[in-house]
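Fold and contact review
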Amino acid sequence: MAGVPEFAESNCTTPAFWDERFAHNFVPWDKGAVPLQLQQFVASQSTSGRCLIPGCGQGWEVALLADAGWQVDAIDFSAAAVARAQTQLQQIGPWASCVRQADFFTLDQVEAYDVIYERAFLCALPVAQRQAIVQQWLRLLKPAARLAGFFYLDESAAASPPKGPPFAIASQQLHDLLLPHFVCLQDDAVPDSIAVFAGKERWQVWQRL
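Below is a short write-up of the structure.

Conventions and cut-offs
Residues numbered from 1 in each chain as written. Predicted model: local features only at pLDDT ≥ 70, side-chain atom pairs only at ≥ 80, totals over all residues. Heavy atoms only, no water. Salt bridge = Lys/Arg side-chain N within 4 Å of Asp/Glu carboxyl O. Helix = DSSP H or I, 4+ residues; strand = E, 2+ residues; numbered from the N terminus. Buried < 20%, exposed > 50% of the residue type's maximum accessible area, 1.4 Å probe, protein only. Lys, Arg positive; Asp, Glu negative; His and termini not counted. Polar contact = N/O pair within 3.5 Å; in protein donor to acceptor, adjacent residues only side chain to side chain. Contact = heavy atoms within 4.5 Å. Pairing = 2+ DSSP bridges. Axes fitted to C-alpha atoms, helices over the stretch in contact; angles between N-to-C directions. 1 Å grid on protein atoms, 1.4 Å probe; cavity = no way out; pocket = protein on both sides within 12 Å on 5 of 7 lines; lining within 4 Å. Points joined across faces, edges and corners; volume = space filled by probe spheres on them.

Let us look at the pattern of salt bridges. Counted according to the given criterion, the structure contains 8 salt bridges. Measuring nitrogen to oxygen at the nearest pair gives 3.0 Å for the salt bridge that ties Asp-114 to Lys-142. Taken together, the residues Asp-114 in strand β4 (residues 113–119) and Lys-142 in strand β5 (residues 141–152) connect sequence positions 28 residues apart. Lys-142 sits in the partly exposed class, given a relative accessible area of 29%. Across the pair Asp-154 and Lys-200 runs a salt bridge, and its minimum N-O distance is 2.8 Å. Taken together, the residues span a long stretch of sequence, with Asp-154 in the loop between β5 and α6 (171–178) and Lys-200 in the loop between β6 (182–189) and β7 (201–208) at a distance of 46 residues. Judged by relative accessible area, which is 17%, Asp-154 ranks as buried. Taking the relative accessible area as the measure of exposure, Lys-200 reaches 35% and is therefore partly exposed.

See below:
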């Protein structure tokens, strides 16, 4: 692909893979702004709570949530991503301390979360890690808490293993993963997708059973 740098690390399950891409400013998954449907979701909430953003990248959503009264825990295992997020948050407010380097799969919190915000995290990792992601969502969310965000869907993923990242998932595959543990409250088309997700992205809100 034209314009794509040559990278030394090809394993997307390692921090080095993502560090390289941030170092080269190659972040085609990054919107550079807060998506409209997250803004609407935050505005619609009568109360705030604790929110986790796994794989937060540059952390655009942190300020929106924190300004609305949420206690935000934004994590990424890429040191380069964390540094980028903290730098941009320092420029707009006091929220850089909400971002820290951590591994989602080993995150251990005493107090569970009211919301986990999903934005290009599930699709950033290989299919083999999906069950582990769901189990960690379950462990970190309170009963009746919500998993809210954007899901990268492609029905062709049902027929053959998707290439990525991003790794698309078919609608039924996503339902099979989540329905034993969650109920879907909202499922809408996304009007402001970036190019890499255009036409294959849904805003969904799932409630933990």
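From this point, the narrative continues.
Inspection of the secondary structure puts Asp-30 in the loop between α1 (15–23) and α2 (36–44). Here Asp-30 is buried and forms no salt bridge, its nearest opposite-charge partner Arg-84 lying at an N-O distance of 6.9 Å. For Asp-30, the side chain forms a polar contact with the main-chain nitrogen of Gly-32, separated by 3.0 Å. Asp-30 has contacts with Gln-58, Trp-60 and Ile-194, leaving out every residue within four places of it along the chain.

Here the focus is the sheet that holds β5. The 7 strands lie next to each other as β3-β2-β1-β4-β5-β7-β6, forming an open sheet whose pairing is mixed. Sheet topology places β3 (99–101) and β6 at the edges, where each strand pairs with a single neighbour. Averaged over all pairs of adjacent strands, the angle between their axes in this sheet comes to 20 degrees, without regard to strand direction. The pairing of β5 with β7 spans 7 bridges and is antiparallel.

Regarding helix α5 (residues 130–140), the residues found buried are Arg-130, Ile-133, Val-134, Gln-136, Trp-137, Leu-138 and Leu-140. On its buried face, α5 is in contact with β1 (50–54), β4, β5, α6, β6 and β7.

A probe matching the size of a water molecule, rolled over the atoms, marks out where space remains unfilled. Counted by the stated rule, this structure contains 2 cavities of 30 Å³ or more. Approximately 90 Å³ is the volume attributed to the largest cavity. Contributing to the lining of the largest cavity are 13 residues, with Glu-118, Cys-123, Phe-150, Phe-151 and Tyr-152 lying nearest its centre. Broken down by secondary-structure element, the contributors of at least two residues to the lining of the largest cavity are β4 and β5.

Burial analysis of β7 places 6 of its 8 residues in the buried class, the great majority of the element. Pairing of β6 with β7, which is carried by 7 bridges, proceeds in the antiparallel orientation. The partner of Gln-186 across the bridge, within β7, is Val-205.

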